[in-house]
Number of protein chains: 2
Amino acid sequence: MATKTPNGVNVEQLVGTINAVKATPELAKFKFRSSSRWDGGAKERTTIKSFYGAGQEDTTRTETFTLEGDEPAVLLGTNAAPNAVEAVLHALSSCMTVSFIYPAAAQGINVKSLEYTMEGDLDLHGFLHLSDKVRPGFQNIRVKAKVTADAPKEKIQELLRYAASTSPVMDTLRNPVPVTVELQE
Amino acid sequence: MATKTPNGVNVEQLVGTINAVKATPELAKFKFRSSSRWDGGAKERTTIKSFYGAGQEDTTRTETFTLEGDEPAVLLGTNAAPNAVEAVLHALSSCMTVSFIYPAAAQGINVKSLEYTMEGDLDLHGFLHLSDKVRPGFQNIRVKAKVTADAPKEKIQELLRYAASTSPVMDTLRNPVPVTVELQE
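Residues numbered from 1 in each chain as written. Chains lettered and ligands numbered in written order. Predicted model: local features only at pLDDT ≥ 70, side-chain atom pairs only at ≥ 80, totals over all residues. Heavy atoms only, no water.

A word on helix α1 (residues 11-23) of chain A
Here is step 1 of the chain: Across its 13 residues, α1(A) extends 18 Å between first and last C-alpha, which sits within 8% of the 18 Å expected from 1.5 Å per residue.
Here is step 2 of the chain: Among the residues of α1(A), those classed as buried are A:Val11, A:Leu14, A:Thr17 and A:Val21. Each buried residue of α1(A) sits inside an arc of 120 degrees when the element is viewed along its axis, so together they form one side.
Here is step 3 of the chain: Summarising the contacts, the buried residues of α1(A) are in contact with α2 (84-106) of chain A together with α3 (124-127) of chain B.
Here is step 4 of the chain: You can read the cap of α1(A) off the contacts: a side-chain oxygen lies 3.2 Å from the backbone nitrogen of A:Glu12, and it is on A:Asn10. (Helix = DSSP H or I, 4+ residues; strand = E, 2+ residues; numbered from the N terminus. Expected span 1.5 Å × (residues − 1). Buried < 20%, exposed > 50% of the residue type's maximum accessible area, 1.4 Å probe, protein only. Arc of directions from axis to C-beta. Contact = heavy atoms within 4.5 Å. Polar contact = N/O pair within 3.5 Å; in protein donor to acceptor, adjacent residues only side chain to side chain.)

The following block contains the structure:
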């Protein structure tokens, strides 16, 4: 029998992963990593390759990914790359995509297209340290989803709610994450 | 007199921005945006260009930036791009870079190098909906900074603490952000 891959997702592997985690909870523990270096002005370059998960260091990635950051001119940058908070919107888009597509595949729902547009409000008073009352980060984020799929609207709504409740980045944004910062010698 | 640009930052423009915001608080309001589309399996592509800030829609960006997401093989992807939570680490790196470099420049401190390595823990039980007790997102993030600059260690420590307290992405992660999700017709 051919492997079933609705939406390009190997559902047998997905079910296998779920069963493996049920049998051996330790397999669910992942560590993701990044290294970055400043590149002058507002510019930086992040490289991403290694991670730990499913009980071992990953050995399948051959490519090191590079992501760049900069600021627009009005924020003293050179327009060379998206800025940090825009990268957050990308991360949420990427996560909400996977968190929608995988469960849809598991339920045998063929998705034809999935698009997100996002917008977030930010007030510079926090970043510029001009007010203690204004938070530096996003005050809120509005996500709009556009979906075409072989399913009624209520089913799509349900999948979207499910995605929002299981998406790692959505949870990372909606709920506090402890972050420690240490200066190395 | 030549423009002062320690660390590649136009300090006159920075001071001008601070004064402009003090005089006209509305200028501090920004709206950042993204558009994404699913690209099969775990893959998606985010495009970023327009934003609103300093009282108007930006007109200086000529390039549309593209960021891609995918999952590693163990998470049913094709290793084509970093995944969503790794993109979060990039966003934090980019933000902590700007949030360190700008105040250093304003204080006339020449930074020679700034590197961050980050690692975050994530347990798949949340994403796979196998436990209500395990959050889907990062359980914590560890940031290590390596800095060389014309300043004593205490000053660098102080700048790092300041960066962590004013960084928009750090605040976005450490504190809850309301996110609304709407299905469009």
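Comments concerning the relation of the copies chain B and chain A
Here is step 1 of the chain: For the pair chain B and chain A, the relating rotation is 180 degrees, the translation along its axis is 0.0 Å, and the fit reaches an RMSD of 0.0 Å. Here the transformation between the copies is reduced to the relation of a two-fold axis.
Here is step 2 of the chain: With an isologous cut-off of 70% or more, the 100% of interface residues of chain B that recur at the interface of chain A puts this contact in the isologous class. (Least-squares fit on C-alpha atoms with pLDDT ≥ 70 in both.)

Focus: the packing of α2(A) against helix α2 (residues 84-106) of chain B
Here is step 1 of the chain: Between α2(A) and α2(B), whose axes approach to 8 Å, the crossing angle comes to 175 degrees. The orientation of α2(A) relative to α2(B) falls into the category roughly antiparallel. Along the contact surface, α2(A) presents A:Ala84, A:Ala87, A:Val88, A:His90, A:Ala91, A:Ser94 and A:Cys95, while α2(B) presents B:Ala84, B:Ala87, B:Val88, B:His90, B:Ala91, B:Ser94 and B:Cys95.
Here is step 2 of the chain: Classifying every residue of the contact of α2(A) with α2(B) by side-chain character gives 10 nonpolar, four polar and no charged. (Axes fitted to C-alpha atoms, helices over the stretch in contact; angles between N-to-C directions. Parallel < 35°, antiparallel > 145°, perpendicular 65-115°, else oblique. Nonpolar A, V, L, I, M, F, W, Y, C, P; charged D, E, K, R; others polar.)

Focus on the confidence of the model for chain A
Here is step 1 of the chain: Predicted confidence across chain A gives a mean pLDDT of 96, with 98% of residues reaching 70 or more.
Here is step 2 of the chain: Per the prediction output, this complex has pTM 0.98; the corresponding ipTM is 0.98. (pLDDT = per-residue confidence, 0-100.)

Some details on helix α4 (residues 153-166) of chain A
Here is step 1 of the chain: Taking 1.5 Å per residue, 14 residues should reach 20 Å; α4(A) reaches 20 Å between its end C-alpha atoms and fits that length.
Here is step 2 of the chain: Those residues of α4(A) that sit buried are A:Ile156, A:Leu159, A:Leu160, A:Ala163, A:Ala164 and A:Thr166.
Here is step 3 of the chain: Buried-residue contacts for α4(A) involve α2, β6 (111-123), β7 (140-149) and α5 (168-174) of chain A together with α3 and β8 (179-183) of chain B.

A few points about the packing of aromatic side chains
Here is step 1 of the chain: The tally for this structure, following the rule as stated, stands at eight aromatic pairs over all chains.
Here is step 2 of the chain: Through a chain of ring-to-ring contacts, the aromatic side chains of A:Phe30, A:Phe32 and A:Phe51 assemble into a single cluster. (Phe/Tyr/Trp six-rings, centres within 6.5 Å; stacked < 30°, edge-to-face > 60°.)

Topic: the interface of chain B and chain A
Here is step 1 of the chain: The interface of chain B with chain A comprises 128 residues on the first partner and 129 residues on the second.
Here is step 2 of the chain: When the two sides are added together, the surface that chain B and chain A hide from each other amounts to roughly 11,600 Å², 62% of it contributed by carbon and sulfur.
Here is step 3 of the chain: Between the two partners, chain B and chain A, sit 10 salt bridges.
Here is step 4 of the chain: With a closest N to O distance of 3.1 Å, B:Lys31 and A:Asp121 form a salt bridge.
Here is step 5 of the chain: Taken together, the links from chain B to chain A amount to 58 residue pairs in polar contact (both at pLDDT 80 or more).
Here is step 6 of the chain: With 18 residues, the single largest contributor to the side of chain B that touches chain A is α2(B).
Here is step 7 of the chain: Looking at the side of chain B that touches chain A, its residues break down into 64 nonpolar, 38 polar and 26 charged.
Here is step 8 of the chain: Here nine bridges tie strand β1 (residues 29-38) of chain A to strand β6 (residues 111-123) of chain B, and the two strands are oriented antiparallel to one another. Each residue of the ladder has a partner; that of A:Arg37, found in β6(B), is B:Glu115. (Buried area = accessible area lost by both parts, 1.4 Å probe. Salt bridge = Lys/Arg side-chain N within 4 Å of Asp/Glu carboxyl O. Pairing = 2+ DSSP bridges.)

Considerations on the nonpolar core
Here is step 1 of the chain: Core analysis: the biggest nonpolar cluster contains 108 residues, and A:Leu92, A:Phe100, B:Leu92 and B:Phe100 have the highest contact counts within it.
Here is step 2 of the chain: In this view, B:Phe100 contacts B:Val111, B:Leu114, B:Tyr116, B:Val147, B:Ile156, B:Leu159, B:Leu160 and B:Ala163; residues no more than four positions away in its chain are not counted.
Here is step 3 of the chain: Membership of the second largest hydrophobic core comes to six residues, among which are A:Ile48, A:Leu67, B:Ile48 and B:Leu67. (Core = buried A, V, L, I, M, F, W, Y, C linked by side-chain atoms within 4.5 Å.)

Focus: the pairing of strand β2 (residues 44-48) of chain B
Residue and element names in this part refer to chain B.
Here is step 1 of the chain: Of the two faces of β2, only one is covered, namely that formed by Glu44, Thr46 and Ile48; the face formed by Arg45 and Thr47 stays uncovered.
Here is step 2 of the chain: As paired elements, strand β1 (residues 29-38) and β2 share four bridges and run antiparallel to each other. Bridge assignment links Trp38 to a residue of β2, and that residue is Glu44.
Here is step 3 of the chain: Linking two consecutive strands that pair antiparallel, namely β1 and β2, is a turn of five residues; a positive phi of about 95 degrees is found at Gly40 within it.
Here is step 4 of the chain: In this structure, β2 lies alongside strand β5 (residues 65-69), joined through five bridges in antiparallel fashion. Each residue of the ladder has a partner; that of Thr47, found in β5, is Thr66.

Here we look at the pattern of salt bridges
Residues and elements named next belong to chain A.
Here is step 1 of the chain: Under the definition given, this model contains 28 salt bridges over all chains.
Here is step 2 of the chain: For the salt bridge of Lys112 with Asp150, the shortest nitrogen-to-oxygen distance reads 3.1 Å. Here the residue Lys112 occupies a position in strand β6, and Asp150 occupies one in the loop between β7 and α4, the gap between them amounting to 38 residues.
Here is step 3 of the chain: Given the relative accessible area of 47%, Asp150 is considered partly exposed.

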